[in-house]
Amino acid sequence: MTGDVKRGLMDCGGIVAEPVSKRQLVNFSGYEEDKISNLPQELIDPILFLLPTHDVARTSVLSKFWRNNWCNCPFLVLDTRFYSKLTSKKEIDTIPSEFKKVVNMILSSRTGPILYFHLYITPVIRYCSIQLWIDQLSDKGLRSVDFSFKKREIFRLPYSLFVCPELTRLRLFNWALAPFFKSGSFTSLTTVELFDTSITCDMTFGKQLKILHLWRCEGIEHLARQFRKGNNLKSLYFEIRTKFDWQWLQRTKKLGYLGLVFTAANSKMIKVHELIKLLGEIPTLSCLVLGGPTLEVLGPPPSDVTSMRPTTKADNVRNLTLCRLKLCELCPISKVVYLIRSFPNLQDLCLVLALDQVKSLSSTELETEDYLGSLDWKDMFLDQLQTVKIQGFVDSRYALYFIKQLLASCPSLKVISVFCSIKSSDPKENLRIKQELQQFPRLSLDAEIIWR
């Protein structure tokens, strides 16, 4: 790093520490070997990645070895910590120019490839500056980027990202995504993660995409091109408020993991047995995650489910996670039972109960108990189920009854882990529940109950 760049970094935020005097330096020549400096570079780089950017830059004063080492670090993290450190005690009017100046200096001082780039974007940063920075990085072997906005704004991805040949991972926070018109598609992207993002026009992330995870996103209907027949998606997670086209799953035959959490009613929501049929047609699917709201808006199972014999099965699913469940209500519990029964090769089951579970027995809860008691649990055939995890447990007769029937229906069961909700903090009450659980009969002689 040149003297001008170092002085500039010091002037614009104190990122690089001032050189220390000779008396401040400790002479290790007569002591142990400097093991950190002698580590291979492939181990030093991950260590530097865990440090804030200003601390990474400060290593340049340690020795000749470290003087320019940070300039070759392949990770560049200009996140919220970097921004706060840089702009603290600065006048608001000077922040944009100083931030731009420091980032330009950092990029110009980099001599090696930059494989990972994380940038925190505030409203004071102009789009032209961001585009210029990305253009500079696109020819440095960039493989992974994280962009996070302080508040949601429409931002066009620079064209240089679309044509960046090494880019394989894209992570965006709080965006209103608007790609360039006819910008083509990414050539090497394999992983895309979007948080609180709106997709404003039709686009695709490329044919090589394997992982697509969306949290609280809108406008996903613009991703129809991504789900053309023959796509390579292997992991898919949707936590969305908008409509979902179920035909996308029909054209996605390589999925191993699928997560669906709908936070609002979907006008095209299918019935639960239709979902089972659809999942069974994805031969590679083994892990399924469904949110409580999704179960609530799914169409009901067939009316006669007391026999526990679903009309369709999905033999491929091995791991099932059901989140935000309300086991006190008949509609969700009937769908839970139907789902579990529809996966005869299920090995791992995780139930995450909703935080608003109540302990009082309402008329709905009594109806749920009657339903559970009317089922023919001997016809469950959960021969492969080995582990069950229940999180957020609150003492209630229906939840205990559900656990009791699982213990009596699973010959291969090894462990049921019950994680108590913070609402059940009475030690005496917890002890009583634990003792009651231990007394339940078990079909599997190896079944163990762990109460936490």
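Since we're looking at a predicted model, the values are computed, not measured.

> Even after reading the chapter, I still don't get the overall build of the chain, so can you show me in this structure?
Counting secondary structure elements, the chain contains 15 helices and 15 strands. Evaluated residue by residue, the chain yields a buried proportion of 50% over its 452 residues.

> Explain the pattern of salt bridges to me, please; I cannot follow it from the model alone.
Note on pairing: side chains with opposite charge can pair once their charged atoms come close. Tallying each qualifying case throughout the model produces eight salt bridges. Across the salt bridge formed by Glu193 and Arg169, the nearest N and O atoms sit 3.5 Å from each other. Residue Glu193 is found in strand E5 (residues 191–195), and its partner Arg169 is found in strand E4 (residues 169–177); the two are separated by 24 residues along the sequence. For Arg171, the salt bridge goes to Glu193, with nearest N and O atoms at 3.3 Å. Residue Arg171 is located in strand E4, and its partner Glu193 is located in strand E5; the two are separated by 22 residues in the primary sequence. Overall, Arg171 belongs to the partly exposed group, its relative accessible area being 23%. Residue Glu193 is classed as buried on the basis of its relative accessible area, which comes to 15%. By sharing partners, the salt bridges in this structure join Asp146, Arg169, Arg171 and Glu193 into a single network.

> Looking at this model, I keep getting lost on helix H2 (residues 41–49). Mind explaining?
The α-helix advances 3.6 residues per turn, and as a result positions three or four apart in sequence lie on the same side. Within H2, burial applies to Ile44, Asp45 and Leu48. Down the axis of H2, the smallest arc covering the buried residues is 100 degrees, so these residues share one side. Here the buried face of H2 lies against helix H3 (53–58), helix H4 (64–67) and strand E1 (75–78).

> Would you mind going over the confidence of the model for the chain with me for this structure?
Per-residue confidence for the chain gives a mean pLDDT of 78; residues scoring 70 or more make up 77%. Between residues 1–31, whose pLDDT stays under 50, and residues either more than four places distant or in other chains, the model counts 44 contacts.

> Looking at this structure, I do not really get the packing of helix H5 (residues 80–87) against helix H6 (residues 95–109). What am I missing?
What describes two packed helices is the angle between their axes and the distance between those same axes. Closest axis-to-axis distance for the H5/H6 pair is 10 Å, and the angle between their directions is 120 degrees. Classed by the angle they form, the pair H5 and H6 counts as oblique. The way H5 lies across H6 gives a crossing that is right-handed. For the pair formed by H5 and H6, the contact residues are Phe82, Tyr83, Leu86 and Thr87 on the first element and Ile95, Phe99, Val102, Val103 and Ile106 on the second. Considered class by class, the residues forming the contact of H5 with H6 number eight nonpolar, one polar and no charged.

> Explanation requested: the packing of aromatic side chains in the structure shown.
What characterises a pair of aromatic rings is the spacing of the ring centres plus the angle enclosed by the ring planes. Applying the stated criterion to the full structure yields 20 aromatic pairs. Residues Trp215 and Tyr237 carry aromatic rings whose centres are separated by 5.4 Å and whose planes lie at 35 degrees to one another, so their mutual orientation is tilted. Highlighted residues: Trp215 in strand E7 (residues 211–217) and Tyr237 in strand E8 (residues 235–240), separated in sequence by 22 residues. Cluster of aromatic residues (ring-pair linked, three or more members): Phe227, Phe238, Phe244, Trp246, Trp248 and Phe262.

> What is the right way to read helix H10 (residues 272–280) from this model?
Here H10 has its buried residues at Val272, Leu275, Ile276, Leu278 and Leu279. What you see down the axis of H10 is that its buried residues fit within an arc of 165 degrees, all on one side.

> Got a minute to help me understand the pairing of E4 in this structure?
Here is the key point about a regular strand: its side chains alternate between the two faces of the sheet. As defined by bridge partners, E4 adjoins E5 across five bridges and the pair is classed as parallel. The residue bridging Leu172 from the neighbouring strand is Leu194, located in E5.

> Just to check I follow, could you spell out the environment of Asp315 for this structure?
On the secondary structure map, Asp315 appears in the loop between helix H11 (292–297) and strand E11 (319–325). Sequence separation between Asp315 and Gly280 is 35 residues, and the spatial gap between their C-alpha atoms is 6.7 Å. Excluding its chain neighbours within four sequence positions, the residues that come into contact with Asp315 are Pro344 and Asn345.

> What am I meant to see in the side chain of Ser160 here?
Within the secondary structure, Ser160 is located in helix H8 (residues 159–162). Of the polar contacts made by the side chain of Ser160, one reaches the side chain of Asp135; its length is 2.7 Å. Here Ser160 is in contact with Ile134, Asp135 and Ser138, once residues within four sequence places are set aside.

> For this particular structure, what's the right way to read the nonpolar core?
Nonpolar side chains in soluble globular proteins tend to end up buried together. The biggest cluster of nonpolar side chains holds 120 residues, and the ones touching the most others in it are Phe147, Phe205, Leu212, Phe238, Phe244, Trp246 and Phe343. The greatest single-element share of this core, amounting to seven residues, is contributed by helix H14 (residues 397–407).

> Explanation requested: the pairing of strand E13 (residues 387–393) in the structure shown.
In the sheet, strand E12 (residues 348–353) pairs with E13 via five bridges, with the strands oriented parallel. Its bridge partner lying in E13, Leu351 is registered against Ile390.

> Which parts of the structure should I look at to understand the side chain of His213?
Residue placement: His213 occurs in strand E7. The exposure class of His213 is buried, given its relative accessible area of 14%. Separated by 2.8 Å, the side chains of His213 and Ser235 make a polar contact. Once you skip the residues sitting within four places of it in the chain, His213 turns out to touch Val192, Glu193, Leu194, Ser235, Leu236, Tyr237 and Tyr257.

Here is what the cut-offs are and how they apply
Residues numbered from 1 in each chain as written. Predicted model: local features only at pLDDT ≥ 70, side-chain atom pairs only at ≥ 80, totals over all residues. Heavy atoms only, no water. Helix = DSSP H or I, 4+ residues; strand = E, 2+ residues; numbered from the N terminus. Buried < 20%, exposed > 50% of the residue type's maximum accessible area, 1.4 Å probe, protein only. Salt bridge = Lys/Arg side-chain N within 4 Å of Asp/Glu carboxyl O. Arc of directions from axis to C-beta. Contact = heavy atoms within 4.5 Å. pLDDT = per-residue confidence, 0-100. Axes fitted to C-alpha atoms, helices over the stretch in contact; angles between N-to-C directions. Parallel < 35°, antiparallel > 145°, perpendicular 65-115°, else oblique. Left-handed = near helix turned anticlockwise from the far one by under 90°. Nonpolar A, V, L, I, M, F, W, Y, C, P; charged D, E, K, R; others polar. Phe/Tyr/Trp six-rings, centres within 6.5 Å; stacked < 30°, edge-to-face > 60°. Pairing = 2+ DSSP bridges. Polar contact = N/O pair within 3.5 Å; in protein donor to acceptor, adjacent residues only side chain to side chain. Core = buried A, V, L, I, M, F, W, Y, C linked by side-chain atoms within 4.5 Å.

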